[in-house]
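Architecture and fold: a report
Take a look at the letters that make up each chain.
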Amino acid sequence: MATLLDAVGDILHDRAATPTPPSWSEERGWTAFLRGLDDATLEVCEARGPEHVLADRADAPPSLRALAEEARSVAALRALAPATGAAVAKASPKKRDQIEALAALAPRGARRVVDFGAGRGHLTRRLAAELGVDAVGFERREAVVRAARAIAPDPRVAFEARELDADVDVDGGDLLVGLHACGALGDLLIEAAATTGAAVLLVPCCPQKIPGEVRAPLSAAGRELSREVLGLANLAHATEAGTSVREAARRRLARHGLRLLLAEAGVETRPGEESLGINRKQFRRSLAEVAARGFGARGLPLPTEDAIRRAEARAAEEQALMRRFALPRTMLARPLEMAVVLDRAAALEAGRGPAPEVLVAFPASVSPRNLVIRRACDQGR
Ligand SMILES: C[S@@+](CC[C@H](N)C(=O)[O-])C[C@H]1O[C@@H](n2cnc3c(N)ncnc32)[C@H](O)[C@@H]1O
């Protein structure tokens, strides 16, 4: 995985945020093919992931096809655990499916469950019941901890309001769990397990949520990755995110139109920065409404109707190219996510305790962040 990422470092670092063909596309001879993709194919690529389409296109440049094949083989892992959806008090149906899948995968034999980033504690309670052991859920948001304590209190389960750091007190008899433990919290769990030999059940998410600009690898097999690049590993294709491709394209068009208007007003923004004062759903509205919010939030005078019309037309033209040029980088989302997961697995392998395994815990429709690192309890401890 690290070799694959080394070979596409230029693609990872340039996210095709303008209609000019990225240099990596020009150098590899991909531009004409990408430009020529018809709208229907583009939409299928965005809905399912471009790797599933481009790997089978005989007319695609061979190196693009090869990359698609490699990305598809990473994405081919299938969910192993059945999602039974048994009752878990007050959890949403999708959360219930995630928790039941993890209950089925949980290693047996630990003395205690320690939940990193327990949220409202659905997994903490479920694993305590499943494994018949005490459990403690650490969560930094106090109000959420109060909510967790109020749901189905159980004398075996405790919740502590605490921001976890490297001083977390765990030992080799614990099972360290995290369901969608974001960024640095996942690394913390792995480091605690690698030094103590504790068992692990970790479904990571949001690898870009790190305190600094760069994530240092935990193992010799890993690579340093910037926060910006890591954001790609959190991507959900339209079908996984539960939105239609057209809806997603409409929102991106409004974002791009706003960036063009802001640039005309002398405010340059990096992709994402345009959202100041506007939430995701509000990008569904017309460019005039979006601009009113974005300009209002910055205390700028509103653009004229004519400027908005011009920005709309230019955004549509440019967006058509940008969507096509974005496809190769999009294919790297799952390999990148996998690279971080494998770095963590390698850190466990190099530390104390049994070797870990990486599985797909539940279908992407339940949550696209569905990879789990699991390691059994150390019988020889
Ligand atoms: C995405 S939520 C998942 C919550 C829960 N595990 C679930 O699946 O419903 C991640 C949680 O981790 C908590 N968190 C993040 N970093 C933390 C830290 N260093 N210490 C304690 N809690 C943390 C956040 O407040 C958030 O509630």
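Just above sits the structure.
Described in the following lines is the structure provided in the data block. (Residues numbered from 1 in each chain as written. Predicted model: local features only at pLDDT ≥ 70, side-chain atom pairs only at ≥ 80, totals over all residues.)

Observations concerning the overall build of the chain
When its secondary structure is counted, the chain shows 17 helices and nine strands. Radius of gyration (C-alpha) of the chain: 23 Å, near the 21 Å computed for a compact globule of 381 residues. Overall, the C-alpha framework of the chain stretches about 70 × 50 × 35 Å when taken along its three principal axes. Counting all 381 residues of the chain, 42% fall into the buried class. Of the contacts made within the chain by residues no fewer than 6 positions apart, 65% connect residues no fewer than 24 positions apart. (Helix = DSSP H or I, 4+ residues; strand = E, 2+ residues; numbered from the N terminus. Rg over C-alpha atoms; globule rule 2.2 N^0.38 Å. Buried ≥ 20, exposed ≤ 12 C-beta atoms within 10 Å, placed from the backbone. Contact = placed C-beta atoms within 7 Å.)

Concerning the site of the ligand
Lining the immediate environment of the ligand, one finds 16 residues, of which Gly117, Gly119, Arg140, Leu164 and Leu179 sit closest. Contributions of two or more residues to the shell around the ligand are made by strand E2 (134-139) and strand E4 (174-182). Ranked by the residues each element gives to the shell around the ligand, the list is headed by E4, at three residues. Taken together, the residues of the shell around the ligand break down into eight nonpolar, three polar and five charged. (Near = placed C-beta within 6 Å. Nonpolar A, V, L, I, M, F, W, Y, C, P; charged D, E, K, R; others polar.)

A look at the environment of Arg375
Among the secondary structure elements, Arg375 is positioned in strand E9 (residues 371-375). Arg375 gets classed as buried once you count the C-beta atoms within 10 Å, which come to 25. For the pair formed by Arg375 and Ile210, sequence separation is 165 residues and the distance between their alpha carbons is 24 Å. Dropping the residues within four chain positions of it, Arg375 is found in contact with Pro107, Ala199, Val200, Leu348, Gly353, Pro354 and Pro356.

As for the packing of helix H14 (residues 245-264) against helix H16 (residues 305-330)
Two quantities define a packed helix pair, namely the angle between the axes and the distance from one axis to the other. For the pair H14 and H16, interaxial distance at closest approach is 8 Å and the crossing angle is 125°. Comparing the axis directions of H14 and H16 gives the class oblique. Judged by the twist between their axes, the crossing of H14 over H16 is right-handed. Contact with H14, carried on its side by Ala249, Arg252, Leu253, His256, Gly257, Leu260, Leu261 and Glu264, involves Ala307, Ile308, Ala311, Glu312, Arg314, Ala315, Ala316, Glu318, Gln319 and Arg323 of H16 and no other residues of that element. In terms of residue class, the contact of H14 with H16 is built from nine nonpolar, three polar and six charged. (Axes fitted to C-alpha atoms, helices over the stretch in contact; angles between N-to-C directions. Parallel < 35°, antiparallel > 145°, perpendicular 65-115°, else oblique. Left-handed = near helix turned anticlockwise from the far one by under 90°.)

Considering the nonpolar core
Ranked by internal contacts, the top residues of the largest apolar core, which has 84 residues, are Leu176 and Val177. Considering every element that reaches this core, the biggest residue donor is helix H17 (residues 333-350), with 11 residues. What Val177 contacts, discounting residues up to four positions off in sequence, is Val113, Asp115, Phe116, Leu123, Leu127, Leu201 and Leu202. In this structure, Ala254, Phe283, Leu287 and Ala291 belong to the second largest nonpolar core, which totals 14 residues. (Core = buried A, V, L, I, M, F, W, Y, C linked by C-beta atoms within 7 Å.)

Points about the packing of helix H11 (residues 183-196) against H17
In the contact formed by H11 and H17, the axes pass within 8 Å of each other and the chain directions differ by 15°. Relative to H17, H11 is oriented roughly parallel. In this structure, the crossing between H11 and H17 has a hand that is right-handed. Here Gly186, Ile190, Ala193 and Ala194 of H11 lie close against H17, whose contacting residues are Arg344, Ala347 and Leu348. In terms of residue class, the contact of H11 with H17 is built from five nonpolar, one polar and one charged.

Details of helix H5 (residues 39-48)
Since there are 3.6 residues in each turn of an α-helix, residues three or four apart along the chain are aligned in direction. Every buried residue belonging to H5 is among Leu42, Cys45 and Glu46, and all of these are buried. Along the axis of H5, the buried positions cluster into a sector of 95°, meaning they face one direction only. Count one or two residues on from H5 and you reach Gly49, which has phi positive near 105°. (Arc of directions from axis to C-beta.)

Considering the environment of Arg369
Considering the arrangement of structural elements, one finds Arg369 in the loop between strand E8 (357-360) and E9. Classification of Arg369 by C-beta neighbours within 10 Å gives buried; the count is 23. Discounting chain neighbours no more than four positions away, the residues touching Arg369 are His180, Val203, Pro204 and Cys205.

Considerations on the sheet that holds strand E3 (residues 157-161)
Strand order in the open sheet made by the seven strands is E3-E2-E1-E4-E5-E9-E8, with mixed pairing throughout. Both outer strands of the open sheet, E3 and E8, are each paired with one neighbouring strand and no more. Strand-to-strand twist across the sheet, computed as the mean angle between neighbouring axes with direction ignored, equals 20°. Where E2 meets E3, five bridges bridge the pair, whose relative direction is parallel. Residue pairing in the sheet places Gly137 in a bridge with Phe159 of E3. Contacting strand E1 (112-116), E2, E3 and E4, helix H9 (residues 122-131) runs over the sheet at an angle of about 165° to E1. (Pairing = 2+ DSSP bridges.)

Side note on the pairing of E2
Buried residues dominate E2, accounting for five of its six residues. Two elements, E1 and E2, share five bridges in a ladder whose sense is parallel. Note that in E2 the partner of Val113 across the bridge is Ala135.

Coordinates in, geometry out; function isn't part of it.
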